[in-house]
Amino acid sequence: MSHQHGSRSAEDWHREAITWRNRAILLLDHLPLPVALCDPDGAILLANPAMAAEWGMLPGQMRGRNALDFFRPRTTARLHPIAEAVRLRRRSRYPLEVTWTPPSGVERYGEVDVDPVSDTPGAPTALMLVLRVLGEHTEPVPEPAPAASEIEARILALAASGDTTPRIARAVGLTVDGVNYHLTQLSRRWQVRGRTALVARAYTLNVLDPETWPPAPTEPG
């Protein structure tokens, strides 16, 4: 009687390899730890949902991007031993202190364990990254910049009243060129063209008080 393993075809082995690969991916998807697999140059081949969630992304959106697009090493000198390990096919774990910025905008910090891995002794080396989140830098969130400065709001209020540029310039103590400069800056910032559009935008941004006539800047607070 022949042994079962001896009678298996290459197709059988290939089918079993695919089965185990799919099981491994399924297991990776359910791991709560953020994990990614990269090629020797750091390009992401596979990332699990926990890793992608750190950046508010789907795993497929990270594929092909370099890991250094997402992580900031505290010191780049720590990357040299990893590059040497890949070149010399060493198997060891290399911890790397990193920071990154998630969609919340609050910088986080942690450690990435980098493990050179391969399926077989002759296979190309890949890098497995396992992220450990240690905390975040809770700095005060800066106040958002106002939609318009005080002088810009005064210019817009006068423009909304129908004043000409020379009259606006006299009222705010600027030259005609100075008034036009501020109007141009507002047009670029708000991406609108023309004085009428600027005034309309000023009302939608609450720069001008919609309940006041003649037009006036909205009181702060």
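Procedures and definitions
Residues numbered from 1 in each chain as written. Predicted model: local features only at pLDDT ≥ 70, side-chain atom pairs only at ≥ 80, totals over all residues. Heavy atoms only, no water. Axes fitted to C-alpha atoms, helices over the stretch in contact; angles between N-to-C directions. Helix = DSSP H or I, 4+ residues; strand = E, 2+ residues; numbered from the N terminus. Left-handed = near helix turned anticlockwise from the far one by under 90°. Contact = heavy atoms within 4.5 Å. Nonpolar A, V, L, I, M, F, W, Y, C, P; charged D, E, K, R; others polar. Buried < 20%, exposed > 50% of the residue type's maximum accessible area, 1.4 Å probe, protein only. Pairing = 2+ DSSP bridges. Core = buried A, V, L, I, M, F, W, Y, C linked by side-chain atoms within 4.5 Å. Salt bridge = Lys/Arg side-chain N within 4 Å of Asp/Glu carboxyl O.

Q: Help me out: how do you make sense of the packing of helix 7 (residues 176-190) against helix 8 (residues 195-204) in this one?
A: When two helices pack together, their arrangement is given by the angle between the helix axes and by the axis-to-axis distance. Helix 8 packs onto helix 7 with a crossing angle of 65° between their chain directions and a minimal axis gap of 10 Å. Taken as a pair, helix 7 and helix 8 cross one another with a handedness that is left-handed. In this structure, helix 7 uses L183, L186, S187 and W190 to contact helix 8, whose residues at the interface are R195, L198, R201 and A202. Considering only residue class, the contact of helix 7 with helix 8 consists of five nonpolar, one polar and two charged.

Q: Please explain unusual backbone geometry as it appears in this structure.
A: Across residues other than glycine, the phi torsion is negative in most instances, and most of the peptide bonds are trans. Of the consecutive residues W213 and P214, the connecting peptide bond is found in the cis state with omega at 0°. Among the secondary structure elements, P214 is positioned in the segment after helix 8. Its identity as a non-glycine residue notwithstanding, Q191 has a phi of 60°, on the positive side. We classify Q191 as exposed; its relative accessible area is 73%.

Q: When you look at the pairing of strand 2 (residues 44-47) in this model, what are you seeing that I'm missing?
A: A regular strand carries its side chains on alternate faces of the sheet. Sheet topology note: the strand 1 (residues 35-38)/strand 2 ladder contains three bridges and is antiparallel. From the neighbouring strand, C38 faces strand 2, where its bridge partner is I44. Between strand 1 and strand 2, which pair antiparallel one after the other, the connecting turn spans five residues, and G42 there sits at a positive phi close to 95°.

Q: What's the story with the nonpolar core in this structure? I'm lost.
A: Soluble globular proteins tend to bury their nonpolar side chains together. One finds M51, M62 and F71 to be the most contacted residues of the largest nonpolar core, which totals 23 residues. Contributing elements (two or more residues each) for this core: strand 1, strand 2, helix 2 (49-53), helix 4 (79-88), strand 4 (94-100), strand 5 (108-117) and strand 6 (126-136). At four residues, the largest contribution of residues to this core is made by strand 4.

Q: Just checking my understanding: could you explain the pattern of salt bridges for this structure?
A: Think of it this way: side chains of opposite charge can pair up when their charged atoms draw near. Scanning all chains against the criterion turns up ten salt bridges. Of the charged contacts in the structure, one is a salt bridge between R132 and E111, with a shortest N-O distance of 2.1 Å. Highlighted residues: R132 in strand 6 and E111 in strand 5, separated in sequence by 21 residues. Residue R132 is classed as partly exposed on the basis of its relative accessible area, which comes to 34%. Several salt bridges share partner residues, and in doing so they unite E54, R108 and E136 into one network.

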